[in-house]
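Spelled out from the first residue to the last, the chains are:
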Amino acid sequence: MIGLISATAAGAAARDRLAAAWPERTRVYEGPVGEAVRAAFAECEQLVCFLATGAVVRLLAPLLAGKAADPGVVCVDEGGRFAVSLLGGHGGGANALAREVGAVLGAEPVVTTATDAAGLPGLDTLGLPYEGAVAAVSRALLDGEPVALEAEVAWPLPPLPVAPEGAYTIRVTDRAVTAGEREVLLRPPSLVVGVGASKGAPAEEVLGLVEEALREAGLSPRSVAELATVDAKAEEPGVVAAAERLGVPLVTYSAGELAAVEVPNPSEAPLAAVGTPSVAEAAALVRGGELLVPKRKSDARPAMATCAVVRRPGRGRLAVVGLGPGARDLLTPRAAAELRRASVLVGLDQYVDQIRDLLRPGTRVLESGLGAEEERARTAVAQAREGHAVALIGSGDAGVYAMASPALAEASDDIDVVGVPGVTAALAAGAVLGAPLGHDHVSISLSDLHTPWEVIERRVRAAAESDLVVTFYNPRSRGRDWQLPKALGILAGHRDAGTPVGVVRNASRADESARITTLAALDPATVDMMTVVTVGNTATRNIAGRMVTPRGYRWQEDPK
């Protein structure tokens, strides 16, 4: 919950705007400001104070307990111009909150945390448990000193400016080791503990067995991702309580799923009891991995719990990102966030140039020229399979005549895939022209490099006969100058010569140009590969210089 505190009418107005935008996330604290701050500090995870920073500092000073416990605090001036991350920038989430508040109120977020200011991801913001000298290693990264990355477990981290060797170290490990004085340990959630239990098994017995197994194997409990068992034990109190005390989810599988897993130590007892020859080992291994601790029983007499531990490999992450039509303000915030998150960027060289300034230090860029789409797709998937966080970029929407389809055709279920939508060329051109896509429409690429012309022509003819608005991508190049006239001729057989046609070149970019002509008047020689051509249907009209296709609302019909 986010506590909101203000002292003046101006502050209350901005406060109420934020409360209206986030009704489920916020709570307004009324009354004397000192009492309100104290109450919110004790009750909320974050605070937004519409007060002077000096006043908030004085009010907070007696309440501070420590970096790990204090809530995140953001100050907004009464003019609503700035949202200042004052306290708990990373641990309390104040840096992110300042940006969110700024987006809602139109205020400029002010973030002074050193790593954020330098464009580096904070080691304490990676979503992984951490130990060791975070401040010292972060300072070394900021000062450009060599910091080595030792990934004992491959994990998709954001970009970090690391070196092969260094006096400082970031170690990604699930082993129970102690951090050195110049070292940060990152604990990936790589361990799965499979658990079997008899009815009524005490939580202390289950938990003690798990902790002992991890300790003797030299593994860190902070890297345990989940406890896994058979469906029949989903509500077994001892197993449920053990998962809660470890702070991990309890995942269950059917007996049939577990019975299909090959294990080194099957047994008749679980087969008779729950229908599978293995619970602990099979539940840990069902999604693959390396068996580190084979099935072992608790020391109780009789033993009522078993466990096994598996290390699952880190899953790489592939984000397929649409950059939009070219204008920076049409690049979505989600796309920008994925670019900052990726440690490897794969893309066409000219698209990489558009967003190179958004990349964090340490991002590895793999760029290539026109015509290498399949190579880029294979490269991106291969990098993700190696455990990296990868962004594969394309213009417009990456799923529309772009990189998503070849990449996903190459990818299998061994990596995580995220799609980030972008503003397509058809939509950008449509917004420039007016509302040409107000009713049913279709996009057709006229490039026959990968699609036979016979197929393209059949699709154009179907669109013409169906009276659909048509947007032509890749309409004309130096080597393909007859396809657009041919397509326009097909459409002309089904709609009037005066049908509006919109021609937009470089939509949303600095050299954007647009015009509305007609089906009869359009000169294909004026069109190139940077152009989108939109042909209206029989209802499309040129109204006040704008291309409009009516939606067909009944209330817009002329009275009879």
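A short note on unusual backbone geometry
Residues Arg-301 and Pro-302 are joined by a peptide bond in cis, for which omega reads 0°. Along the chain, Pro-302 turns up in the loop between strand S14 (290–297) and strand S15 (305–311). Positive phi, close to 55°, is recorded for Tyr-401, a residue that is not glycine. With respect to the helices, strands and loops of the structure, Tyr-401 is situated in the loop between strand S19 (389–394) and helix H15 (404–410).

Regarding the pattern of salt bridges
The final tally for this structure, using the stated rule, is 27 salt bridges. Residue Arg-15 pairs with Glu-30 through a salt bridge whose shortest N-O separation is 3.7 Å. Note that Arg-15 is positioned in helix H1 (residues 9–21) and Glu-30 in the loop between strand S2 (26–28) and helix H2 (33–43), a separation of 15 residues in sequence. Overall, Arg-15 belongs to the buried group, its relative accessible area being 7%. Of the residues examined, Glu-30 reaches a relative accessible area of 59% and is grouped as exposed. In this structure, Arg-356 and Asp-353 form a salt bridge, with 2.8 Å as the shortest nitrogen-oxygen distance. Looking at Arg-356, the relative accessible area reads 37%, which means it is partly exposed.

Side note on helix H17 (residues 453–465)
With 13 residues, H17 ought to run about 18 Å at 1.5 Å a step, and its terminal C-alpha atoms sit 18 Å apart, in line with that. For H17, the secondary structure elements touched by its buried residues are strand S22 (441–445), strand S23 (469–473) and helix H18 (483–492). Asp-467, located one to two residues past H17, shows a positive phi value of around 60°.

Topic: the nonpolar core
Grouped together as the largest cluster of nonpolar side chains are 22 residues, with contacts concentrated most on Val-193, Val-195, Leu-214, Val-224, Leu-227 and Val-309. Elements that contribute at least two residues to this core include exactly strand S11 (191–197), helix H7 (203–217), strand S12 (224–230), helix H8 (237–246) and S15. The contact partners of Leu-214, leaving out residues within four places of it in the chain, are Leu-191, Leu-219, Pro-221, Val-224 and Val-309.

What to know about the sheet that holds strand S27 (residues 541–543)
Reading across from one edge, S21-S28-S27 is the order of the 3 strands in this open sheet, with mixed pairing throughout. Across the chains shown, the open sheet's two edge strands, defined by having one partner strand only, are strand S21 (434–435) and S27. Pairing of S27 with strand S28 (residues 546–548) involves 3 bridges; the strand directions are antiparallel. Counted as the bridge partner of Ile-543 is Arg-546 from S28.

So, the sheet that holds strand S20 (residues 416–420)
The parallel open sheet is built from 5 strands, whose spatial order is S18-S17-S19-S16-S20. Looking along the sheet, the strands with just one partner apiece sit at the ends: strand S18 (364–368) and S20. Neighbour-to-neighbour, the strand axes of this sheet turn through a mean angle of 15°, independent of strand direction. Of the strand pairs in this sheet, strand S17 (residues 344–348) and S19 are connected by 3 bridges, and their pairing is parallel. Along S19, the bridge assignment pairs Leu-345 with Ala-391. In this fold helix H14 (residues 373–385) packs onto strand S16 (317–322), S17, S18 and S19, with an angle of close to 175° to the strand it touches most, S17.

Rules used in this analysis
Residues numbered from 1 in each chain as written. Predicted model: local features only at pLDDT ≥ 70, side-chain atom pairs only at ≥ 80, totals over all residues. Heavy atoms only, no water. Helix = DSSP H or I, 4+ residues; strand = E, 2+ residues; numbered from the N terminus. Salt bridge = Lys/Arg side-chain N within 4 Å of Asp/Glu carboxyl O. Buried < 20%, exposed > 50% of the residue type's maximum accessible area, 1.4 Å probe, protein only. Expected span 1.5 Å × (residues − 1). Contact = heavy atoms within 4.5 Å. Core = buried A, V, L, I, M, F, W, Y, C linked by side-chain atoms within 4.5 Å. Pairing = 2+ DSSP bridges. Axes fitted to C-alpha atoms, helices over the stretch in contact; angles between N-to-C directions.

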